[in-house]
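# Chain and residue survey
The lines below spell out each chain.
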Amino acid sequence: MAKWFHGELKMVQRIKAFYENRSHGSKSKKSEFVNELYSASYSLARCYADRDEYIESETIYKELITALESIDGISDYQKQIMYRCYHGVGVVAMKRLQYDEAEKYFIKDLAFLQNRDIESIDTRNLLVVRQNLALVYMHQEKFEKSTEEYNKVLKMREQLDFGEDSLEIGQLLTNIGLCYRRSGNLDMAEKMYKRSLDCKVKGLGWNHPDIGMLLQNLGVLEQVRGNLEGAIKYNQQAEEIYMKTTDEDSLYLIRVRENLICQLLQLDKHSQAVEVYWKNYKYVNKKNFWDMSLPVLHEKIVQILSQQEMQAQMLEMHLGVSLNTTFGMTT
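Conventions and cut-offs
- Residues numbered from 1 in each chain as written.
- Predicted model: local features only at pLDDT ≥ 70, side-chain atom pairs only at ≥ 80, totals over all residues.
- Heavy atoms only, no water.
- Phe/Tyr/Trp six-rings, centres within 6.5 Å; stacked < 30°, edge-to-face > 60°.
- Helix = DSSP H or I, 4+ residues; strand = E, 2+ residues; numbered from the N terminus.
- Buried < 20%, exposed > 50% of the residue type's maximum accessible area, 1.4 Å probe, protein only.
- Axes fitted to C-alpha atoms, helices over the stretch in contact; angles between N-to-C directions.
- Parallel < 35°, antiparallel > 145°, perpendicular 65-115°, else oblique.
- Left-handed = near helix turned anticlockwise from the far one by under 90°.
- Contact = heavy atoms within 4.5 Å.
- Nonpolar A, V, L, I, M, F, W, Y, C, P; charged D, E, K, R; others polar.
- Expected span 1.5 Å × (residues − 1).
- Arc of directions from axis to C-beta.
- pLDDT = per-residue confidence, 0-100.
- 1 Å grid on protein atoms, 1.4 Å probe; cavity = no way out; pocket = protein on both sides within 12 Å on 5 of 7 lines; lining within 4 Å.
- Points joined across faces, edges and corners; volume = space filled by probe spheres on them.

Below, the discussion takes up the packing of aromatic side chains. The final tally for this structure, using the stated rule, is seven aromatic pairs. Residues Tyr83 and Phe112 carry aromatic rings whose centres are separated by 5.0 Å and whose planes lie at 20° to one another, so their mutual orientation is stacked. Placement of the pair is Tyr83 in helix α4 (residues 76–95) and Phe112 in helix α5 (residues 99–114), with a sequence separation of 29 residues. In terms of burial, Tyr83 and Phe112 fall into one category: buried. The interplanar angle of 90° and the centroid separation of 5.7 Å between the aromatic rings of Trp278 and Tyr281 together place this pair among those described as edge-to-face. Taken together, the residues Trp278 and Tyr281, both in helix α13 (residues 270–287) and three residues apart, mark about one turn of the helix. Judged by its relative accessible area of 6%, Tyr281 is buried. Of the aromatic side chains, those joined through ring pairs into one cluster are Tyr277, Trp278 and Tyr281.

Below, the structure is given as structure tokens:
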């Protein structure tokens, strides 16, 4: 990537110098050089974005947009570069968590694509823009708009895949389910998650981390509904899948076990919660994941174990630190 980046940089500098030195040439030659300069500059902006140098990337994209929007009688080729720059700014803004800015440029991109002749519309580009716009709306908590865009993408995707249940459709259904859950429509969220589960099991088989994530999503729905037993069942299935498909110290396993501990504690199933906790503890400690784990769980387990003096001492020995300083407990 670094060599490609420097190659692009040198290329755009040479084309720019070449064009500037011949700026008094014929109109046709001038147009040719300008288009090459626009194309190379667009490539340079993409290189910056790929290197996570978003400010540099955005600056070039916006300079190109300003230049292209000012052209009278803009050519089709130049329009293509312009709409790609709209999309580029939208993606960069989304990476920088500037969702209002991303929305503005994705809408410009969408309008350009929709205003083209039906024969020349690139369905896949349209699909990508709508999908990014749906994601932006979700981050903005505009769930109705997000769901509307995702459903349009789903319809397009189904046409492209000739009605087959592809993995892409499965992921779209997961995102639609997430929108419904965040908007409080739990029944529709469950419907989308289960449709997504069917699609992904067909493409990936049952024992895959993506299936575990979907089961966790379903577990969240049951927890929100107050059905803790149902939530535990889904999370136990997810844990079983992660144990078969990920490393023993993976964050997948740690997260699902934390969910299980919380739910078991809420049901006052303390012995089961402690059992799951010990599975997690050695990996959290080994990987030093303390800052990514839930402190309240450790505090609660300490309180449960401290009811028996010997167990409290054992826990303190395992932790290798004072319970008083780590958990702020008083004696």
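Here we come to the packing of α5 against helix α6 (residues 123–139). At a minimum axis separation of 9 Å, α5 and α6 run at an interaxial angle of 155°. Of the possible angle classes, the one that applies to α5 and α6 is roughly antiparallel. The handedness of the crossing between α5 and α6 comes out as left-handed. Within the contact between the two elements, α5 uses Tyr99, Ala102, Glu103, Phe106, Ile107, Asp109, Leu110, Leu113 and Gln114 and α6 uses Asn125, Leu126, Val129, Arg130, Asn132, Leu133, Val136, Tyr137 and His139. Broken down by class, the residue content of the contact of α5 with α6 amounts to 11 nonpolar, four polar and three charged.

This part takes up helix α3 (residues 54–69). In this model α3 runs 22 Å from its N-terminal to its C-terminal C-alpha over 16 residues, within 8% of the 22 Å that 1.5 Å per residue would give. Restricting attention to buried positions, one finds in α3 the residues Tyr54, Ser57, Glu58, Ile60, Tyr61, Leu64, Ile65 and Leu68. The arc that holds the buried residues of α3, viewed along the axis, is 165°, so those residues lie on one side. Exposed residues lying more than 90 degrees from the buried face of α3 are Ile55, Glu63 and Thr66.

Here we come to the confidence of the model for the chain. In the predicted model, the chain carries a mean pLDDT of 83, and the fraction of residues at 70 or more is 82%. By mean pLDDT, the top-scoring element of the chain is helix α11 (residues 228–245) (96), and the lowest-scoring one is helix α16 (residues 323–327) (42). Taken as a whole, residues 320–331 scores under 50 in pLDDT and shows 15 contacts with residues more than four places along the chain or in a different chain.

Roughly 330 Å³ of internal volume is contained in the largest pocket. For the largest pocket, the lining is made up of 15 residues, of which Tyr42, Arg46, Arg84, His87 and Gly88 are closest to its centre. Of all the secondary-structure elements, those providing two or more residues to the lining of the largest pocket are α2 (27–50), α4 and α6. If you tally residues by element for the lining of the largest pocket, the top one is α4, at six residues.

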